[in-house]
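Architecture and fold: a report
So you can see what is in the structure, the chains are spelled out below.
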Amino acid sequence: MALVQIRDVYKSFQRDSQRIDVFTGLSLDVAEGSFTALMGPSGSGKSTLLNLIAGLDRPTSGTVRVAGADVHAMSAAQLAAWRARHIGFVFQQLNLLPVLTAYQNVELPLLLTRLSKKEREERVRVALGVVGLDDRIHHYPRQLSGGQEQRVAIARAIVADPTLILLDEPTGQLDARSSQEVLTLLQRLNSEFGKTVVIVTHDAHAADKAKAVLHLEKGVLIERAAVGA
Amino acid sequence: MRYLPLVLANLGRHKRRTFLTTASVALALFLFASLRTVVTTIAAGAQFGSARRLVATNATGIVFPLPLAYAGRLRALPGVQAVSWANWFGGRYGDGKRFFATFAVDPASYLDMYPEIVLPADQRDAFLRERSAAIVGRRLLDVFGWHLGQDVTLQGTIFSGDWTFTIRGVYTPSDPVINDDMLIFRHDYLDERMNRAGFAGWYILRIDDPNNAAGIAKLVDDQFRNSSAPTKTGTEQAFNASFATMWGNVSLLMNTIGMAVVFAILLVTANAMMMSARERTGEVAVLKTIGFSDWRLFGLVMLEAGLITLTGAVLGLGGAKLLYRATNFNAAGFLPGFDVDGTTLAVGGAIALLLMLASGLVPAVRAARLPVVQALRHVE
Ligand SMILES: Nc1ncnc2c1ncn2[C@@H]1O[C@H](COP(=O)(O)OP(=O)(O)OP(=O)(O)O)[C@@H](O)[C@H]1O
Ligand SMILES: [Mg+2]
């Protein structure tokens, strides 16, 4: 069974008197251990799709299952706990709390677990090690470059060992080199650690790193196999 | 408390704002404690008085004297165990800037009547032996740097002329409501100097049974009803309370000011909390994405408000308690026993709690109910 199962999802937004239908009967599977790039023009519904998978937004109808759980059957409180356990999310920007150090930012998801301070510290150090920022542990976001900030955000997304990592244009604000670093890191997370990754990107190079590329056009999927990988 | 670093980091974001808000709360509660203590001190003064002591004054008004000849007749009344008398002496010392109360009393009977005025035995004897002797409260002695055996000269305002007393005793009240800021001298010295034998300002009677107070008071007043100086007799408590009622409006004013101050600070605190919350919409959305529940975010915002108001409360209330203790404040003798009491601290704490709820509730609910998707769309 696929890790993510989206079945017959409808999603529309009401803006003033206007109704925007983003999805009209979308179905999609994401396999465990896959690395999927989600592409498509602006407004095609990429962010909306990630939000639905993460349980940040509800579909108008249809079901979203992640690791067997019906995401939208849960209460708000259950959903929060479920998200803490299963989802690591990275946005395009402003992922980090500016008043917290890199260490404290990465520690946030672990505060919600029963782990002791010492166990939390071990995990935070490992996560920051994986993204190559062992030497920036006590830096604040403003003391980091854009690429480093995104790597801290990725460290935070993986620190609680989630089932699924979702990234919404994580390299959108980065220069070519930093983008490359972030993508290579994601590739490693997928191949070495077996993490399931779904990344929204406009960057064709980024899509090349993925094992599968999905094209979204006005809420409709056009699938094709990745060239490189 | 694993979330404390997060809350503290948020408070540290605008250090000046946090400091000013906390300081406002502290100042408000300091003022509240001070004003309320004025009220409680006045009330305690009105409450003071033994139920076994009656005070008889001239029915025309307290400034009119009563004949000293009444003493014997009062002592003879059934139920009366002891009688003493005293007279208000308006006096100025030095430049007169530092006011204190001065009384002329019948020494032996007065000290018997008021065991609350604690005086070493040898000093008591000296006071009883020497006509121009005076005893002073510990505070007064310290304020002017007097010492035992010193001659002190007062200018009389009611009884004119220079009056010189020798300090023969220093008393400490066993009940804080008794003023430790007084000079007490001998009634016979007053009479002798004024050449006016036989007048007392008021009489104090000790009675055998507090339950008979009303009856005995009536007996006294009946006794002198048709004389040239009729009396008005009541319990000592009523006597003290009659002074306190003059303060009645002050109490109302104090309470009103106190409430106004607290309300003003509520607005300040609430505004600061709102500002902080509004700046952090995006961060709240991030925390929710990580898996922080609505209730947790509610709690974190409340905790933040609570830290500000409780720190303010500890500083303001604790500061008031310690400051008035340390400086031995008594408003130059007008508010003896001025001390922030436990009830005031408790009410102040409750106000701090209310401040926390009132200032934290709206931003906390807003954080809890923030829809993540909407919030993120505004950020990006
Ligand atoms: N909360 C919302 N309220 C109203 N309309 C919305 C909301 N969220 C998304 N939309 C609309 O839904 C459509 C899909 O939006 P979405 O953000 O998913 O697109 P996207 O593919 O991520 O675009 P981009 O590449 O610009 O990020 C757009 O037309 C958008 O205006
Ligand atoms: Mg988008």
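Model, not experiment: these values are computed from the prediction. (Residues numbered from 1 in each chain as written. Chains lettered and ligands numbered in written order. Predicted model: local features only at pLDDT ≥ 70, side-chain atom pairs only at ≥ 80, totals over all residues. Heavy atoms only, no water.)

**Let's talk about the overall build of chain A**
Of regular secondary structure, chain A possesses 7 helices and 10 strands. Whereas a compact globule of 229 residues would reach a radius of gyration of roughly 17 Å, chain A reaches 17 Å, a difference of no more than 12%. Overall, chain A is about 50 × 40 × 40 Å in size when its C-alpha atoms are taken along their principal axes. Pairs at least 24 residues apart make up 67% of the contacts formed inside chain A by residues separated by at least 6 positions. Only carbon and sulfur atoms are counted for the fraction: they give 48% of the accessible area of chain A, which is about 10,300 Å². (Helix = DSSP H or I, 4+ residues; strand = E, 2+ residues; numbered from the N terminus. Rg over C-alpha atoms; globule rule 2.2 N^0.38 Å. Contact = heavy atoms within 4.5 Å. Areas by Shrake-Rupley, 256 points an atom, 1.4 Å probe, with all protein chains shown as cover.)

**Points about the site of ligand 1**
In the vicinity of ligand 1 lie 15 residues, with Arg15, Ser42, Lys46, Ser47 and Thr48 of chain A positioned nearest. Ligand 1 sits at a junction of chains, with neighbouring residues supplied by chains A and B. With respect to ligand 1, the side chain of Arg15 of chain A contributes an N or O atom lying 2.8 Å from an oxygen atom. Within the side chain of Glu169 of chain A, a nitrogen or oxygen atom sits 3.5 Å from an oxygen atom of ligand 1. (Near = heavy atom within 4 Å. Polar contact = N/O pair within 3.5 Å; in protein donor to acceptor, adjacent residues only side chain to side chain.)

**Re helix α13 (residues 342-369) of chain B**
All names here are of chain B. When the terminal C-alpha atoms of α13 are compared, their 39 Å separation across 28 residues agrees well with the 40 Å that a helix rising 1.5 Å per residue should span. The axis of α13 is deflected most strongly, by about 45°, at Gly360, and proline Pro363 appears within four residues downstream. For α13, the complete set of buried residues consists of Thr344, Gly348, Ile351, Ala352, Leu355, Met356, Ser359, Gly360, Pro363, Ala364, Ala367 and Ala368. (Expected span 1.5 Å × (residues − 1). Bend = angle between axes of the 7 residues up to and from the residue. Buried < 20%, exposed > 50% of the residue type's maximum accessible area, 1.4 Å probe, protein only.)

**Thoughts on the pairing of strand β4 (residues 61-66) of chain A**
Across a regular strand the side chains alternate sides, sitting on one face of the sheet and then on the other. All names here are of chain A. Where strand β1 (residues 4-15) meets β4, 5 bridges bridge the pair, whose relative direction is antiparallel. Across the sheet, Gln5 pairs through a bridge with Arg65, a residue of β4. Pairing of β4 with strand β5 (residues 69-70) involves 2 bridges; the strand directions are antiparallel. Bridge pairing in β5 links Val66 to Ala69. Counted between consecutive antiparallel strands, the loop separating β4 from β5 contains 2 residues, among which Ala67 sits at a positive phi close to 50°. (Pairing = 2+ DSSP bridges.)

**Observations concerning the interface of chain A and chain B**
Contacts between chain A and chain B engage 29 residues on the former and 24 residues on the latter. Between chain A and chain B, the buried area comes to about 2,200 Å², and carbon and sulfur atoms account for 67% of it. Between chain A and chain B we count 0 salt bridges in total. In this assembly, chain A and chain B are joined by 5 residue pairs in polar contact (both at pLDDT 80 or more). Listed by contribution, the elements that provide at least two residues to the side of chain A that touches chain B are α2 (76-86) and α3 (102-111) of chain A. (Buried area = accessible area lost by both parts, 1.4 Å probe. Salt bridge = Lys/Arg side-chain N within 4 Å of Asp/Glu carboxyl O.)

**Overview of a nonpolar patch on the surface**
A cluster of nonpolar side chains, namely Leu354, Leu357, Leu361, Val362 and Val365 of chain B, defines an oily patch on the protein surface of about 390 Å² accessible area. Considering the arrangement of structural elements, one finds Val365 of chain B in helix α13. (Patch = residues over 30% accessible without salt bridge, like charges linked within 9 Å, V, L, I, M, F, W, Y side chains within 5 Å.)

**Observations concerning the domain arrangement of chain B**
Residues and elements named next belong to chain B. Parsing chain B into structural domains produces domain 1 (4-45 + 248-376) and domain 2 (60-229). Here the C-alpha centroids of domain 1 and domain 2 sit 47 Å apart. Facing the 10 residues of domain 1 at the interface are 9 residues of domain 2. Roughly 700 Å² of surface becomes buried between domain 1 and domain 2 when both sides are summed, with 49% attributable to carbon and sulfur atoms. Here domain 1 and domain 2 share 0 salt bridges between them. For the interface between domain 1 and domain 2, the tally reads 0 residue pairs in polar contact (both at pLDDT 80 or more). Tallied by class, the residues present in the side of domain 1 that touches domain 2 amount to 5 nonpolar, 5 polar and no charged. (Domains from an automatic or database assignment. Nonpolar A, V, L, I, M, F, W, Y, C, P; charged D, E, K, R; others polar.)

**Observations regarding the pattern of salt bridges**
Taken as a whole and assessed by the stated rule, the structure comprises 29 salt bridges over all chains. Ionic pairing is found between Glu181 of chain A and Arg177 of chain A, a salt bridge with its closest N-O pair at 3.4 Å. Of the two residues, Glu181 of chain A and Arg177 of chain A are both situated in helix α6 (residues 176-193); the distance of 4 residues between them amounts to about one turn of the helix. Given a relative accessible area of 30%, Glu181 of chain A falls into the partly exposed group. Residue Arg225 of chain B pairs with Asp222 of chain B through a salt bridge whose shortest N-O separation is 2.7 Å. By relative accessible area, which is 34% here, Asp222 of chain B ends up partly exposed.

**Focus on the packing of aromatic side chains**
All names here are of chain B. A complete count under the given rule lists 28 aromatic pairs over all chains for this structure. With a centroid separation of 5.3 Å and 75° between ring planes, the pair formed by Trp88 and Phe103 is classed as edge-to-face. Separated by 15 residues along the polypeptide, Trp88 in strand β3 (residues 80-88) and Phe103 in strand β5 (residues 101-105) bring together distant segments of the chain. Looking at Phe103, the relative accessible area reads 13%, which means it is buried. Seen in terms of ring centroids, Phe329 and Phe338 are 4.9 Å apart; in terms of plane orientation they differ by 80°. Their pairing is edge-to-face. An aromatic cluster is present here, built from Phe89, Phe159, Trp163, Phe165, Phe185 and Tyr189 joined pairwise through their rings. Stacked on the ring of Trp163, the Lys or Arg Arg193 has its end atom at 4.1 Å from the ring centre. (Phe/Tyr/Trp six-rings, centres within 6.5 Å; stacked < 30°, edge-to-face > 60°. Lys NZ or Arg CZ within 6 Å of the ring centre and 35° of its normal.)

**Thoughts on the pairing of strand β9 (residues 161-173) of chain B**
Residue and element names in this part refer to chain B. Pairing geometry for strand β6 (residues 117-118) and β9, over 2 bridges, is antiparallel. Counterpart to Val118 in the pairing with β9 is Thr172. Relative to β9, strand β7 (residues 133-137) is paired through 5 bridges, and the arrangement is parallel. Residue pairing in the sheet places Gly137 in a bridge with Tyr171 of β9. Pairing of strand β8 (residues 151-156) with β9, which is carried by 6 bridges, proceeds in the antiparallel orientation. From the neighbouring strand, Leu154 faces β9, where its bridge partner is Trp163.

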